[in-house]
Amino acid sequence: MQPYRSKEWAKFRSEVIRLDGNECTVCGRATSDGVVLQVHHKQYFPGRPPWDYPYDACETICRGCHAAAHGLIPPKFGWEHAGWDDLGDLTGTCECCGTSIRYTFLVQHPDWRPMEVGEICCDHLTSSQLASNLMESKRRYAGRLKRFVSSSRWCVLPGDIHRITQKRLTVEIVPVGTAFKLRVNTRMGKKVFPSALDAKANVFELIEQGTLHAYISKQVSHRP
Ligand SMILES: [Zn+2]
Ligand SMILES: [Zn+2]
Ligand SMILES: [Zn+2]
């Protein structure tokens, strides 16, 4: 007879689950959350039937966490964030949940090979908000950039020159042939931009870094 099919096991098993509050002791999910609860032996005593154990030698864990405990799937906790990368588009795949990702976060664990995962999985695995905080600041930056390039403070002058006044600086996007250049306080920069939008985005970056002044004096200082 299969020991795990016996009445004794069924009784022991349901008692362990009851003592654990009817939820997974690792992730806290219950049957009502759609998980299958199982009883795991934290240690084995050779020759003993599986129900002949003290209750505290066993624990209730869901099937997913159970597989992790036996090394079949990656551990769910205890990961360390080791770096991140922007792939430029959704060409990456989260090694944890399989979703397509643009920003990959490298995580490492003492009991598993390093994995590249998405923002949400990185937060879960590292029990931190590191990835989501980073993404949040990126989203805020992108939001500010969008507001800046489409701001009503830009005015269009004759010759299709776009002008904005930022602190004491007058910044102009000047068409030069098919491209664009920056003019700051009447001083023309050397750098050429393929579109007015690129030029505006560059102005935004310089303002964010606080280097608009320095940039323009450097750009013109090399002029013959
Ligand atoms: Zn087990
Ligand atoms: Zn679980
Ligand atoms: Zn994921």
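Residues numbered from 1 in each chain as written. Chains lettered and ligands numbered in written order. Predicted model: local features only at pLDDT ≥ 70, side-chain atom pairs only at ≥ 80, totals over all residues. Heavy atoms only, no water.

If you check an unreviewed UniProt entry, the chain appears there as HNH endonuclease from Candidatus Propionivibrio aalborgensis.

(A) Quick look at the packing of aromatic side chains. Applying the stated rule across the entire model yields six aromatic pairs. Judged by centre distance (5.4 Å) and plane angle (15 degrees), the rings of Phe-12 and Tyr-55 are stacked. Residue Phe-12 is located in helix α1 (residues 7-19), and its partner Tyr-55 is located in the loop between β1 (37-41) and β2 (58-62); the two are separated by 43 residues in the primary sequence. Exposure remark for Phe-12: the relative accessible area of 7% places this residue in the buried category. Overall, the relative accessible area of 41% leaves Tyr-55 in the partly exposed class. (Phe/Tyr/Trp six-rings, centres within 6.5 Å; stacked < 30°, edge-to-face > 60°. Helix = DSSP H or I, 4+ residues; strand = E, 2+ residues; numbered from the N terminus. Buried < 20%, exposed > 50% of the residue type's maximum accessible area, 1.4 Å probe, protein only.)

(B) Representation of the side chain of Glu-172 within the structure. Tracing the backbone through its elements, the reader meets Glu-172 in strand β10 (residues 169-176). At a separation of 2.8 Å, a polar atom in the side chain of Glu-172 contacts the side chain of Arg-163. With residues up to four places along the chain from it excluded, the contact list for Glu-172 reads Leu-157, Ile-161, His-162, Arg-163, Lys-181, Leu-182 and Arg-183. (Polar contact = N/O pair within 3.5 Å; in protein donor to acceptor, adjacent residues only side chain to side chain. Contact = heavy atoms within 4.5 Å.)

(C) Spatial organisation of the coordination of the zinc ion (ligand 2). Within the protein, the zinc ion (ligand 2) binds to Cys-24 (SG), Cys-27 (SG), Cys-62 (SG) and Cys-65 (SG); these donor distances fall in the range 2.3 to 2.4 Å. Around the zinc ion (ligand 2), the four donor atoms are arranged such that angles at the metal cover 101 to 120 degrees; this shape is classified as tetrahedral. Here the donor residues of the zinc ion (ligand 2) are spaced in sequence according to C-x2-C-x34-C-x2-C. Taken together, the residues Cys-24 in the loop between α1 and β1 and Cys-62 in strand β2 connect sequence positions 38 residues apart. By the burial criterion, Cys-24 is buried, and Cys-62 matches it. (Donors = N, O, S within 2.8 Å, 3.2 Å for Na, K, Ca; no water. Tetrahedral: all angles 85-135°; square planar, octahedral: opposite > 155°, others 65-115°.)

(D) Representation of the sheet that holds strand β12 (residues 187-193) in the model. In spatial order, the strands read β8-β9-β10-β11-β12; together these five strands make up an open sheet with antiparallel pairing. One side of each edge strand has no neighbouring strand; the edge strands of this open sheet are β8 (155-157) and β12. Across the sheet, the axes of successive neighbouring strands diverge by a mean angle of 30 degrees, strand direction being ignored. The sheet contact formed by strand β11 (residues 179-184) and β12 spans four bridges and is antiparallel. Opposite Lys-181, over in β12, you have Val-192 as the bridge partner. (Pairing = 2+ DSSP bridges. Axes fitted to C-alpha atoms, helices over the stretch in contact; angles between N-to-C directions.)

(E) Fine view of unusual backbone geometry. For Asn-22, which is not glycine, the phi torsion reads 60 degrees and is therefore positive. With a phi close to 70 degrees, Thr-186 is a non-glycine residue in the positive phi region. One can find Thr-186 in the loop between β11 and β12.

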